[in-house]
Amino acid sequence: MSTYEHLEIDQQLALREAHSRLAREFNDTATDETIRTFLLSSYEQFIPRASFADYVPLLAERHTRQQLQALHKIEHGNEDHKPVVLFVCVHNAGRSQMALGFLSHHAGTGALGWSAGSQPADLVNPVAIEAMAERGIDISEEFPKPWTDEIVQAADVVVTMGCGDECPYFPGKTYVDWALDDPKGLGIEAVRPIRDEVEQRVLDLLRQLGVSTVS
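Residues numbered from 1 in each chain as written. Predicted model: local features only at pLDDT ≥ 70, side-chain atom pairs only at ≥ 80, totals over all residues. Heavy atoms only, no water.

Undergrad: Where do I start with the packing of aromatic side chains in this structure?
TA: What characterises a pair of aromatic rings is the spacing of the ring centres plus the angle enclosed by the ring planes. Taken as a whole, this structure holds four aromatic pairs when the rule is applied. Where Phe-46 meets Phe-143, the ring centres are 5.5 Å apart and the plane angle is 75 degrees; that geometry is what we call edge-to-face. Here Phe-143 lies in the loop between helix H5 (126-133) and helix H6 (149-154) and Phe-46 lies in helix H2 (residues 32-46), a separation of 97 residues in the sequence. The buried category is assigned to Phe-46, whose relative accessible area is 3%. Their ring planes at 65 degrees and their centres at 5.8 Å tell us that Phe-52 and Tyr-55 sit as a pair that is edge-to-face. (Phe/Tyr/Trp six-rings, centres within 6.5 Å; stacked < 30°, edge-to-face > 60°. Helix = DSSP H or I, 4+ residues; strand = E, 2+ residues; numbered from the N terminus. Buried < 20%, exposed > 50% of the residue type's maximum accessible area, 1.4 Å probe, protein only.)

Undergrad: When you look at the sheet that holds strand E3 (residues 157-161) in this model, what are you seeing that I'm missing?
TA: Two strands in a sheet stick together by hydrogen bonds in their backbones, pointing the same way (parallel) or opposite ways (antiparallel). Here four strands make up an open sheet; going across it, the order is E2-E1-E3-E4 and the pairing parallel. Every other strand in the sheet has two partners, leaving strand E2 (112-117) and strand E4 (174-177) as the edge strands with one partner each. Along the sheet, successive strands turn relative to each other by an average axial angle of 20 degrees, direction set aside. Inspection of the sheet shows strand E1 (residues 84-89) paired to E2 by six bridges, in the parallel sense. The partner of Cys-89 across the bridge, within E2, is Gly-117. (Pairing = 2+ DSSP bridges. Axes fitted to C-alpha atoms, helices over the stretch in contact; angles between N-to-C directions.)

Undergrad: It is not clear to me how the pattern of salt bridges should be interpreted in this structure. Could you clarify?
TA: In a structure, side chains of opposite charge can pair up when their charged atoms sit close to one another. A complete count under the given rule lists 14 salt bridges for this structure. Residue Arg-65 is joined to Glu-61 by a salt bridge in which the shortest nitrogen-to-oxygen separation is 3.2 Å. With a gap of four residues between them, Arg-65 and Glu-61 both fall in helix H3 (residues 56-76), about one helical turn apart. For Glu-61, a relative accessible area of 4% gives the class buried. With a shortest N-O distance of 2.2 Å, Arg-207 and Asp-204 are connected by a salt bridge. Taken as a pair, Arg-207 and Asp-204 lie in helix H7 (residues 188-208) at a separation of three residues, close to a single helical turn. Through salt bridges with shared partners, a single ionic network connects Glu-134, Arg-135, Glu-189, Arg-192, Arg-195, Asp-196 and Glu-199. (Salt bridge = Lys/Arg side-chain N within 4 Å of Asp/Glu carboxyl O.)

This is the structure in structure tokens:
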């Protein structure tokens, strides 16, 4: 059985508290061992590229929550009948984060969005954050994260953006590929047109899914 004992005391405590919160939230879906496995796996993926170790348990908790939501959907079906869209790019730092921001903004509670990367960066692109802030959408609390089997399998639509053969593929999923320029290394003037194209594609996708926009 995997445990938290090998970690520093403060990290153990933070992960145990996160575990308790997740256990209460997903008591009908996940065992303690499943939660612990997801938490430790997430923690071990984030800690090597973290600037501040104190934040890693929180990121691990957020990523684990997403995985447990996906697991619940796989095991219990789409109980609320809301489409789930997964946006995947290489670094999960620009295009996919902007797409997630626009989906959450325009769909409200009518759809659920996730994002992931094949090679997650350390931080969300600050120019993408700035570009989205110009539209009144705050993505500064988001963080690059890897895709997992559970998250891909639970998605109704997987939107890929430039990750090529590294993009996850599962038979039976609906895949859409968006050819968009990568905002990495670009200034705000160059990122604005990419942002606007991402928004239009998200709006088109919501119409195709029959999701009413709220903004």
